[in-house]
Amino acid sequence: MRKGVESEAIVIRSKMYGEDDLLVEFLTLRDGRIWGKARHGRKSRKRFGTVLEPLNILQLRYRDSGNFVFLEEAALERPLSRLRTGLESLSIGFYFLDLIRELVPQRSPDARAFSLLKESLVHLNDNKSPGEIVSEFEHRLLDLCGYSPHLEACIGCQKKWEPAAKFFFVFREGGIFCADCLPSQVSFELFSREALSEILPKFIEYQLGRPLRSLEFKNRSRVA
Ligand SMILES: [Zn+2]
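Our focus in this paragraph is the coordination of the zinc ion. Octahedral metals with six donors have ideal donor angles of 90 or 180 degrees. Tetrahedral metals with four donors have an ideal donor angle of 109.5 degrees. Every protein donor of the zinc ion is accounted for by C154 (SG), C157 (SG), C178 (SG) and C181 (SG), and the metal-donor separations fall at 2.3 to 2.4 Å. Around the zinc ion sit four donor atoms, and with donor-metal-donor angles ranging over 102 to 116° the site reads as tetrahedral. Its relative accessible area of 26% is what places C181 among the partly exposed residues.

In structure tokens form, the structure reads like this:
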């Protein structure tokens, strides 16, 4: 039997599998996004307790079977109790998990993606300004996945963006154009730094080709 390995991990989601096994999806530092199996998950509630709930940051020990990993031990590394008590922060946390699941390929370890998720959840828990945390997360994740938007200058003529000038974000091109270079028959939005918090999630949905339910939920639970 292969020896277990250890890694920091963040729980993305869990579901019952068969009679009483529990399947848990993680983002791990060591192996990237993976599925773990907890044998007799229903019965082993005692063993894992509520540790395997989404958003938890854990120290995990598991045995890799190639397809799944088999969970041996899971210990809560850092409780995020404040994040869990606010509807807004909780919905943002689930939005982050959704983005990780959609944009980070399985078994493709990336320490930057792991620390981005971990730091963002910790900041949310510390009550830092949620709007900034969200935009920063979206921007950096897009960057890591190779979809980094071009926001410094017009894609057409390289004219530098400045707040006073009229620029447009074109979804198909993933960047901004000045009024002279704006292509015809494309979907676009008027661009500004303030509009970025609306544009980035729409750009992510454009890349995925469909709406994200967690985004709708996040927008509805925004504190007025
Ligand atoms: Zn231009």
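The contact between helix α3 (residues 87–103) and helix α5 (residues 130–144) brings their axes to 11 Å, and the two run at 0°. Here α5 runs roughly parallel to α3, going by the angle between their axes. Across the interface between the two elements, E88, I92, Y95, F96, L99, I100 and L103 of α3 pack against P130, I133, V134, F137, E138 and L141 of α5.

Ordered in space as β1-β2-β3-β5-β4, the five strands form a closed barrel in which the pairing is mixed. On average, each strand axis in the sheet is inclined to that of its neighbour by 50°, with strand direction left out of account. Here eight bridges tie strand β1 (residues 5–17) to strand β2 (residues 21–28), and the two strands are oriented antiparallel to one another. By the bridge assignment for β2, I10 is matched with L27. Against the sheet, α3 engages β1, β2 and β3 (32–38), with an angle of about 100° to β1. Here helix α4 (residues 111–125) sits on the sheet and contacts β1, β2, β4 (57–64) and β5 (69–78); the angle it forms with β1, its principal contact strand, is near 75°.

In this model, L55 sits at a positive phi of 85°, which is unusual for a non-glycine residue. Here L55 shows up in the loop between α1 (45–48) and β4. Take L55: its relative accessible area is 0%, and that puts it in the buried class.

Our next topic: the packing of aromatic side chains. Tallied over the full model, the rule gives eight aromatic pairs. Consider the rings of F96 and F137, whose centres lie 3.9 Å apart with planes at 20°: the pair is stacked. Note that F96 is positioned in helix α3 and F137 in helix α5, a separation of 41 residues in sequence. There is no split in this pair, since F96 and F137 are both buried. Joined through ring pairs, the aromatic side chains of F169, F171, F203 and Y206 make up one cluster. One residue, K37, lies across the ring of F68, its end atom 4.5 Å from the ring centre.

Moving on to the packing of α3 against α4. Contact geometry of α3 with α4 gives a least axis separation of 10 Å together with a crossing angle of 175°. Considering the angle they form, α3 stands roughly antiparallel to α4. In contact with S89, I92, G93, F96, L97 and I100 of α3, α4 contributes L117, S120, L121 and L124. The class makeup of the residues in the contact of α3 with α4 is seven nonpolar, three polar and no charged.

Looking now at the sheet that holds strand β8 (residues 188–191). Spatially, β7-β6-β8 is the arrangement adopted by the three strands of the open sheet, whose pairing is antiparallel. Of all the strands in the sheet, the pair left with one neighbour each is β7 (175–178) and β8. Shown here is a sheet whose adjacent strand axes are inclined to one another by a mean of 40°, direction ignored. As defined by bridge partners, strand β6 (residues 167–170) adjoins β8 across four bridges and the pair is classed as antiparallel.

Reading the values: the criteria
Residues numbered from 1 in each chain as written. Predicted model: local features only at pLDDT ≥ 70, side-chain atom pairs only at ≥ 80, totals over all residues. Heavy atoms only, no water. Donors = N, O, S within 2.8 Å, 3.2 Å for Na, K, Ca; no water. Tetrahedral: all angles 85-135°; square planar, octahedral: opposite > 155°, others 65-115°. Buried < 20%, exposed > 50% of the residue type's maximum accessible area, 1.4 Å probe, protein only. Axes fitted to C-alpha atoms, helices over the stretch in contact; angles between N-to-C directions. Helix = DSSP H or I, 4+ residues; strand = E, 2+ residues; numbered from the N terminus. Parallel < 35°, antiparallel > 145°, perpendicular 65-115°, else oblique. Contact = heavy atoms within 4.5 Å. Pairing = 2+ DSSP bridges. Phe/Tyr/Trp six-rings, centres within 6.5 Å; stacked < 30°, edge-to-face > 60°. Lys NZ or Arg CZ within 6 Å of the ring centre and 35° of its normal. Nonpolar A, V, L, I, M, F, W, Y, C, P; charged D, E, K, R; others polar.

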